[in-house]
Amino acid sequence: MDDDTSFMKQRLALDDRPTRILSKKVNNWLTNLPNESNESLQNSLESLLVLASSYEVSVNRHPLIQRANLADIDSYEDVNEKTAHIVANSAGQIANLKEELKEAQRIRDHKLQYDVVAREIMTLDTRDGYEQSIGDLERDIELLKNEKLKKEQAYISRQEKYSALLDTLKNLQKDIEQEREENAEMDKRLMDADRDYESSDEEAMSETGEEENKEEEPTVNGTSHRFKERNDDDEEGLDDEEGMVIDDEVAAGRS
């Protein structure tokens, strides 16, 4: 096993020169990439690929190197598995630590709240003071209850008085309406009686007037004749006066 290891190391040492050459050419190609033309870059790339393929062929010819590569792959897989296991364990530990941190924060918050409540309690009155305040409040409540009871009784009394007053007003209104109806009926009867009396008076007056007219007709006719004769005499006197006035005017004109 030691011989294989030493041979593999020697072989790897012998093969180190092509690796350096390949790395150097790759670096030169990358350095000249901005300055070279596309054709020269393509040619350089093809030569690099040929060199890499030849190096790959030379490496694959040695079984020891292949076994070493496989051993490295296995070791890398073991390391990867161990790393994954460590990561999983670390994740579990981190989760536990987070829970512990939350619990510690909760305890700390409770302690801070307790301190705040304790400070507030220290600023409050004593038990005797609260008992005295409670006694005062109970007395005030009792006074308010008594006051409420008195107000309720007064309200009930006023409500009863108001109801009685409403009943009285309703009865009074009913009596007034009844009295109005009676007065209206009485007025109607009086008006009917007045109409009957007036109609009887008119009939009596009409009969009396007819009789008086019959008795006064001759007198009226005689009076009219007398007035007519007097009017005729007055007209004749006026004519005589007018003639006298005219004669006087004529005589005055002649003179």
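See the structure above.
Let us look at the structure shown here. The model shown is predicted, which means the values in this text are computed figures rather than measured ones. (Residues numbered from 1 in each chain as written. Predicted model: local features only at pLDDT ≥ 70, side-chain atom pairs only at ≥ 80, totals over all residues. Heavy atoms only, no water.)

**Observations regarding the overall build of the protein**
Item 1. Summing up its helical and strand segments, the protein has five helices and zero strands in all.
Item 2. Starting at the N terminus and ending at the C terminus, the protein contains elements arranged as α-α-α-α-α.
Item 3. Here the protein has roughly 23,100 Å² of accessible surface; of this, 54% comes from carbon and sulfur atoms. (Helix = DSSP H or I, 4+ residues; strand = E, 2+ residues; numbered from the N terminus. Areas by Shrake-Rupley, 256 points an atom, 1.4 Å probe, with all protein chains shown as cover.)

**Description of the pattern of salt bridges**
Item 1. Summed over all chains, the structure comprises three salt bridges.
Item 2. One salt bridge connects Arg 106 with Glu 103, and the closest N-O pair in it is separated by 2.2 Å. With Arg 106 and Glu 103 both in helix H4 (residues 63-123), this residue pair falls three residues apart, about one helical turn.
Item 3. With a closest N to O distance of 3.8 Å, Arg 189 and Glu 185 form a salt bridge. (Salt bridge = Lys/Arg side-chain N within 4 Å of Asp/Glu carboxyl O.)

**Describing a negative patch on the surface**
Item 1. There is a patch of like negative charges on the surface, built from Asp 72, Asp 74, Glu 77, Asp 78 and Glu 81.
Item 2. Tracing the sequence through the fold places Asp 74 in helix H4.
Item 3. Asp 74 gets classed as partly exposed once you look at its relative accessible area, which sits at 43%. (Patch = residues over 30% accessible without salt bridge, like charges linked within 9 Å, V, L, I, M, F, W, Y side chains within 5 Å. Lys, Arg positive; Asp, Glu negative; His and termini not counted. Charge placed at Lys NZ, Arg CZ, Asp CG, Glu CD. Buried < 20%, exposed > 50% of the residue type's maximum accessible area, 1.4 Å probe, protein only.)

**Focus: a nonpolar patch on the surface**
Item 1. Together, Tyr 162, Leu 165, Leu 166, Leu 169, Leu 172 and Ile 176 give the surface a local cluster of nonpolar side chains, amounting to about 550 Å² of exposed area.
Item 2. In this fold, Tyr 162 is placed in helix H5 (residues 127-254).

From the geometry alone we can't say anything about function, so treat these as descriptive.
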